[in-house]
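# Coordinate inspection notes
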Amino acid sequence: MRICSWNSRGSSWPGFLAQTQFYITGLSLDILCILDTRISDENQAKKIASYFACYFDHSSFVLSNGQSGGILILWNSSTVNLEVITSHARFIHCQVTDLANDKTWITTFIYAYPHKPLQSNMWNDLKNIHAHSNFPRLLIGDFNNVIASEEKIGGNSPWNVYMQNFIRFLNDIQVTSLKAEELIRILLRILLLLLVPLVTNLIFGTDMFLEKVFQLNNDLLEVQRNEEIFWAQRAKANWLALGDKNTRFFQTKATIRKKTNKISKIKNDAGFWLENHNNIVDLFVQDFQKRYKVINQASAEDIFNFVNIIEPIITEEDNNRLLKEVSQDEILNAVNSIGALKAPGPDGIHTIFYQKHWEVVKGSLSSLVCDFFLNKSSLNLLNHTNIALIPKVEKPNLVSRYRPISLCNVAYKVISKIIVTRLRKILDKCISKNQGAFAPGRSILDNILVAHEMFSNFNKTKANDGAMAVKLDLEKA
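The structure displayed is predicted, hence computed values, not measured ones.

### So, the sheet that holds strand E3 (residues 58–62)
- Taken in spatial order, the 4 strands line up as E1-E2-E4-E3 in an open sheet, and their pairing is mixed. The open sheet is flanked by strand E1 (3–7) and E3, the only strands paired with a single partner. Direction aside, the axes of adjacent strands within the sheet are offset by 10° on average.
- Two elements, E1 and strand E2 (residues 31–35), share 5 bridges in a ladder whose sense is parallel. Counterpart to isoleucine 3 in the pairing with E2 is isoleucine 31.
- Its contacts with the sheet put helix H2 (residues 42–50) on E3 and strand E4 (71–75), and the angle it makes with E3 is roughly 145°.

As structure tokens, then:
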């Protein structure tokens, strides 16, 4: 967990956004608190938060009083759960949970009044707030005060009643202040984290030594890149791209995914909880076999009769486009259209392998694809899938709350992509106008408007015959 509090001294100066992003990416932050934002408008605060939405999806703030004060907290809800308990003009009091290790504590982000006579009431407010919490606590921010004279450089001695009030407050809530030398060590460590990428630009004396340093540096970068890819695959953070040096984030994300994806217990039809692994497996298998069992399967004659009553709408030109020989460009476009790190099939090979080594694999893959389209070769060897269970709700407790999906091999996906791309051009004429989805230019949301208009018409109908609407459950469609 990495938390940073920064007194930005305003948010309108040139370079504020770049400086903030530098801290976020350089320190791989989970929580960032910006103090003294000098933002007095709520829309402006939300606008500043939106600039960093690719790093933090949640925010909270207190507005400034004119050009004084203001606090903005940004955090990533995939790694940390932050709940604001109370807000004040000069602090935000929160409960924080690290999702990776499930540890919870209280954090108060403080930007104390620079005018010290105003601090006493704030310390008393904070003392009363912390008295009602048994969690570990962290106070972070700009306190505009010190607990020892050596912490202040220049000027008059800080030992006065305001300093005594501050020390008394810290003792009352039982927290320990970091000493100046400890803060310096932390700042040096932060500086090192920010400057590590600059090592690649250092120049040394001898050519031999320079060559050795660059070789070791390249080896290190290769190891880091491989580690990043490994954890990125496990994390499934699709909104991040390869090259984002954020392995620690990937590790945390993977840990959370593993914890979330594990089915530790499930409720059966009788309402009893099953916690034994084998019993859970048997319940899923039996339920899906029952759910997807074919009942009253149509005979070949019925299918033939049904097909004969359908009016042909595919023209000869359409048919020629569907059956034309597959080109290398079609195959390559299909490969590139698949997510690089999408979950692999039984062969365990991700799409990125085909994309990065296309010149090596294009011959074998092209032969396989072309053989299928030209000779109608069987795909039995490829058409094996891993079944993954996707939760329909946040905390599923029944088998019916999970949706099974098939994880196919990349070669099978490529063939499917080519077929889909060709069919997409004629789907509009093949699918009934009543169907609100699965065709270009249509949206399933249109059905909501149709249903709304239909029920509105029901309410206006004066006929004695009445009206009825039927909702069909197409779970197995």
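### A look at the pattern of salt bridges
- All chains considered together, the criterion is met by 9 salt bridges.
- Between aspartate 172 and lysine 127 there is a salt bridge, with the nearest N and O atoms lying 3.3 Å from each other. Of this pair, aspartate 172 sits in helix H4 (residues 161–172) while lysine 127 sits in helix H3 (residues 119–130), and the two are 45 residues apart along the sequence.
- Given a relative accessible area of 39%, aspartate 172 falls into the partly exposed group.

### Here we look at unusual backbone geometry
- Even without being glycine, arginine 9 reaches a positive phi, approximately 55°.
- A positive phi is found at asparagine 144, a non-glycine position, where the angle reads about 50°.
- As for its placement among the helices and strands, asparagine 144 is situated in the loop between strand E8 (137–142) and H4.
- Take asparagine 144: its relative accessible area is 23%, and that puts it in the partly exposed class.

### Brief notes about the packing of H3 against H4
- In the contact formed by H3 and H4, the axes pass within 10 Å of each other and the chain directions differ by 0°. In terms of their interaxial angle, H3 and H4 are classed as roughly parallel. Together, Ser120, Trp123, Leu126 and Lys127 of H3 and Asn165, Phe166, Phe169 and Asp172 of H4 make up the contact between the two elements.
- Grouping the amino acids of the contact of H3 with H4 by side-chain chemistry returns 4 nonpolar, 2 polar and 2 charged.

### Description of the side chain of serine 11
- Structurally, serine 11 can be placed in the loop between E1 and helix H1 (16–27).
- Exposure remark for serine 11: the relative accessible area of 14% places this residue in the buried category.
- At 3.0 Å, the side chain of serine 11 forms a polar contact with the backbone oxygen of threonine 37.
- Each residue touching serine 11, except ones within four places of it in the same chain, is listed here: Phe16, Thr37 and Ile39.

### What about H1?
- End to end, H1 covers 17 Å across 12 residues, agreeing with the expected 16 Å (1.5 Å per residue, within 8%).
- Three or more residues of H1 are buried, namely Phe16, Thr20, Tyr23, Ile24 and Leu27. The buried residues of H1 occupy one face: seen down the axis, they fall within an arc of 100°.

### Looking at the sheet that holds strand E7 (residues 103–111)
- Reading across from one edge, E5-E6-E7-E8 is the order of the 4 strands in this open sheet, with mixed pairing throughout. Of all strands in the sheet, those bounded by a partner on one side alone are strand E5 (80–88) and E8. Neighbour to neighbour, the strand axes of the sheet diverge by 20° on average, direction disregarded.
- Where strand E6 (residues 91–98) lies against E7, 8 bridges are found, and the strand directions are antiparallel. Note that in E7 the partner of threonine 97 across the bridge is threonine 104.

Scoring rules and cut-offs
Residues numbered from 1 in each chain as written. Predicted model: local features only at pLDDT ≥ 70, side-chain atom pairs only at ≥ 80, totals over all residues. Heavy atoms only, no water. Pairing = 2+ DSSP bridges. Helix = DSSP H or I, 4+ residues; strand = E, 2+ residues; numbered from the N terminus. Axes fitted to C-alpha atoms, helices over the stretch in contact; angles between N-to-C directions. Contact = heavy atoms within 4.5 Å. Salt bridge = Lys/Arg side-chain N within 4 Å of Asp/Glu carboxyl O. Buried < 20%, exposed > 50% of the residue type's maximum accessible area, 1.4 Å probe, protein only. Parallel < 35°, antiparallel > 145°, perpendicular 65-115°, else oblique. Nonpolar A, V, L, I, M, F, W, Y, C, P; charged D, E, K, R; others polar. Polar contact = N/O pair within 3.5 Å; in protein donor to acceptor, adjacent residues only side chain to side chain. Expected span 1.5 Å × (residues − 1). Arc of directions from axis to C-beta.

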